[in-house]
Structure formats: structure tokens, C-alpha cells
Amino acid sequence: MPDALSSRPPRPAAARSRRALVRPALLLLAGLFGGLPVAQAQGAPAPAAAASAPPPEVRTARAKPVAAGAPLRLPARTEPIEEARLYARSSGTLVERRVDLGDRVAAGALLARIAAPEVDQALASARAGLGQAQARERLAQVNLDRSRPLVEQNFLSAVRLDELNAALDVARADTAAAQAEVRRLEAVQGFQQVRAPFAGTIVERSVERGDRVSADGANSSPALFRLARLDALRVVVEVPQAAAATLQAGRPAELRFAEFPGEVFKARVERLAGRIDPASGAMRVELKLPNPGQRLPAGLRGELDLAADAAQPGVTVPANAVLLRRGQPHVALVDAESRLRFVPVQVERTVGREVHLRRGLEAGQSVVINVNALLQEGNRVKVAAP
């Protein structure tokens, strides 16, 4: 009898292929339901090996002390420390001019005289009117004084006395009005003399003797004179906003002019505009420059070296080293055990790509830059080689 096993027909190749596919599936199910990890069944490392993965790598930068910067060099120009344009306040003819271009004058000095006959005549008429008003006032006073006894003796009625009192009041008011007109015309006559409001130099003269001048010259004609104080000069400079933000009055500066080679002129910041011009991105700053003997002319252009900021307390770190935690700025440090530690800091200001920290950090400490948001306090990290 032939062997039963040997008499079985050979299995087709398709059946062998299905068995080869089923065997890995059974192994996978066994791993899932029998407690065998799939990754371990496939030869992957165990969870203990995953836990021993190397710590994340971080990059650091050292905090630097805040040092004084280099002097700031800017173009500058000089202007008079004080300047005034003098216009005519009385219409007439310029009959006398006592000063010329470049003359130095004292405060109150007579510069020119204007002839205005109509003003003189009006003043004479006003003075005569004042005399008439004063005479009427005296007459009203005499009539009142004579009438009082008559009223007391019943020779005059009380109504008449009231009329005389009223007449005296009117006369007094007329006198006051006449006096005011005289004072006004005297002031107008005083305007015929053009005087210097302060001691200075005549830097511009626009009239000659015989010229007709008008009291509204400020609107229709140039000024008679321009007076300038040149014993000190105002230096005007436009400071960029990066430097203007920390600039204060009293800062020393040095000026150099091509017309005075090898000479350095000392100046000091006096005033800051307090507003950065949106068009230029700079702030107007004025300095005071002593000018004994008026050696330097106004309008001179040169270069100004503005002293740099002095060293300030605190340190500077890269801007990408500062992060917010619970609404407060922090920096991340790596301690001696290579663990991450977050430290609160006080930010003074941002300058370009660096941040000036007032407190919380010392110079020389290393801070982590571009901190990964997934890193937490106490995480072990590895500092990348510089």
C-alpha cells in the first residue's frame, strides 16, 4: 500500500506564498496581545535605550559689560546765540541812519530815526484837547463847590446839585480819554526812533536815508536791520534717534572747522528738541559755543564730535537670548550639572540686535540663545562647541 503522505499531491506555489505571509502576521498579533513589544520583536532598541538618548544641544553667548561707545561725528553749523529783525513801527521817511553793516551797538542804542509830521501834528492836537478837557473839569468842580451852600440854604434844589455832580463826572471822563490819546500818540512818536533791544552786531541793513518805511513792514517789506549777538554761538546739529534717545543736556562736544585747521573748539549741549523728525529720523539739538572776540562768524559749517555715553551698569546680551515667561523677561542659563535654569532680568533698552539688561545677570555669564520652546526648567542639555 503506497504511503499516504507520499501519495498526497504537491501543494501549489500560491498556498506556500499565503503561508509565508500569514506567519509574520501571527507574530505581530502575538506581540500585541502577548506582551511582546513590536519594536523589540523587530530588533529595535528597548525603552531603556530610548531613555538614554543624548540631551539636546544648545548654543550660548557670554554677557558683555556695557561699555562707553565711540564719539559720534555729525555735521554742524553755527548760529547767533540771539538774533532779532527790527521793523518800523511808525510810517514815515527815514531821515537818519546811525549804524551800518558790521557795527557793534549797545543795548538801547539809537539805530535810525523816522520823520512822521502827521504824527507830530496829531500829538499836538491831542495835547490841546487834553488842556480843554482839564479846563472843563476845573469849571465843573467850581460850579459844584459854589452850589453846595446854596442847596443847603434852599436857594437851589437838590436836583440841581445832582446835575452838577454828573457834569463833573463827565468832565473827568473826558480828561481821562484825552490823556489816553496823548499817551498813545507819544508812544507812536517814540516808534520813530529805532533802538537796539540788546547789545550785538548789525549783520544786515536793508534801508538808506530817505527811504519810505511803513509800520506794517513785517508783512510787506524786509526788516530795517538784523541784530545778532555773536559773543557766543548756538551750534545746531541733527542727532540720529539711536543717539538722541540717551542724550542729555550738559554733554560735552568738540567742534572742528576747515577754516581753522588744527584747532578744536569746546561746546556743550544746551537744549534738545524732544521730538524726532519723522522725515529725517533725527532730533534737533543745540549746543552753546563761547566766542570771545567774535572770532567765529555765524553760519559757519563744521564737524562736531559728540562725546559717547559713559559706561553704565548692567550687561548686554543678544536679543534672541531674552524670552518672556509668565509675562516677565527671562534668560536661560546652564548650571554646573548641565541643567537648564531660567533667571528673571530687567531690560533697560534694546540697541540694534543687543539688549541692555539692568539687573539679573553678571558680565561673563553664558546665556542660551534661541531657546527651544519645549525645554523646561531642569532639563539636561549639552552646550554646543563654539
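This text follows the structure it describes.
Residues numbered from 1 in each chain as written. Predicted model: local features only at pLDDT ≥ 70, side-chain atom pairs only at ≥ 80, totals over all residues. Heavy atoms only, no water.

K.L.:
Just to check I follow, could you spell out helix H5 (residues 117-152) for this structure?
P.N.:
An α-helix turns once every 3.6 residues. As a result, residues three or four positions apart point the same way. For H5, spanning 36 residues, the distance from its first C-alpha to its last is 54 Å, which sits close to the expected 52 Å at 1.5 Å a residue. Of the surrounding secondary structure, the elements contacted by the buried residues of H5 are helix H6 (158-190). A positive backbone phi angle near 65 degrees is found at Asn154, which sits one or two residues after H5. (Helix = DSSP H or I, 4+ residues; strand = E, 2+ residues; numbered from the N terminus. Expected span 1.5 Å × (residues − 1). Contact = heavy atoms within 4.5 Å.)

K.L.:
Just checking my understanding: could you explain the nonpolar core for this structure?
P.N.:
Generally speaking, nonpolar side chains in soluble globular proteins are found buried as a group. Counting residues in hydrophobic clusters, the biggest one holds 25 residues, and the most contacted among them are Leu255, Leu287, Leu289, Leu296 and Leu304. Counting only elements with at least two residues in this core, the list comes to strand E3 (72-86), strand E10 (225-240), strand E11 (252-256), strand E12 (265-276), strand E13 (282-290) and strand E14 (301-306). With near-sequence residues (within four places) excluded, Leu296 lies in contact with Leu233, Phe257, Phe260, Phe265, Leu289 and Asn291. Formed by 18 residues, the second largest nonpolar core is a distinct cluster that contains Leu94, Val213, Phe225 and Leu227. (Core = buried A, V, L, I, M, F, W, Y, C linked by side-chain atoms within 4.5 Å. Buried < 20%, exposed > 50% of the residue type's maximum accessible area, 1.4 Å probe, protein only.)

K.L.:
Looking at this model, I keep getting lost on the pairing of strand E15 (residues 315-318). Mind explaining?
P.N.:
It is a general feature of regular strands that their side chains alternate between the two faces of the sheet. Direction of pairing for strand E2 (residues 64-65) relative to E15: antiparallel, over a ladder of two bridges. Within the sheet, the bridge partner assigned to Pro65 lies in E15 and is Val315. Summarising the sheet, E15 and strand E20 (residues 354-359) pair through four bridges and their orientation is antiparallel. Its bridge partner lying in E20, Thr316 is registered against His356. (Pairing = 2+ DSSP bridges.)

K.L.:
Looking at this model, I keep getting lost on the packing of H5 against H6. Mind explaining?
P.N.:
Packed helices, taken two at a time, are described by the angle their axes make and the gap between the axes. Their axes nearest at 8 Å, the elements H5 and H6 cross at an angle of 160 degrees. In terms of orientation, H5 lies roughly antiparallel with respect to H6. Judged by the twist between their axes, the crossing of H5 over H6 is left-handed. Broken down by class, the residue content of the contact of H5 with H6 amounts to 19 nonpolar, nine polar and nine charged. (Axes fitted to C-alpha atoms, helices over the stretch in contact; angles between N-to-C directions. Parallel < 35°, antiparallel > 145°, perpendicular 65-115°, else oblique. Left-handed = near helix turned anticlockwise from the far one by under 90°. Nonpolar A, V, L, I, M, F, W, Y, C, P; charged D, E, K, R; others polar.)

K.L.:
Just checking my understanding: could you explain the sheet that holds strand E16 (residues 322-325) for this structure?
P.N.:
Within a sheet, each strand pairs with its neighbour through backbone hydrogen bonds, oriented either parallel or antiparallel. In space, the three strands of this open sheet follow the order E16-E17-E18, with antiparallel pairing throughout. Sheet topology places E16 and strand E18 (340-344) at the edges, where each strand pairs with a single neighbour. Strand after strand, the sheet turns through a mean of 50 degrees between neighbouring axes, direction not considered.

Limitation: the analysis is restricted to geometry and does not speak to function.
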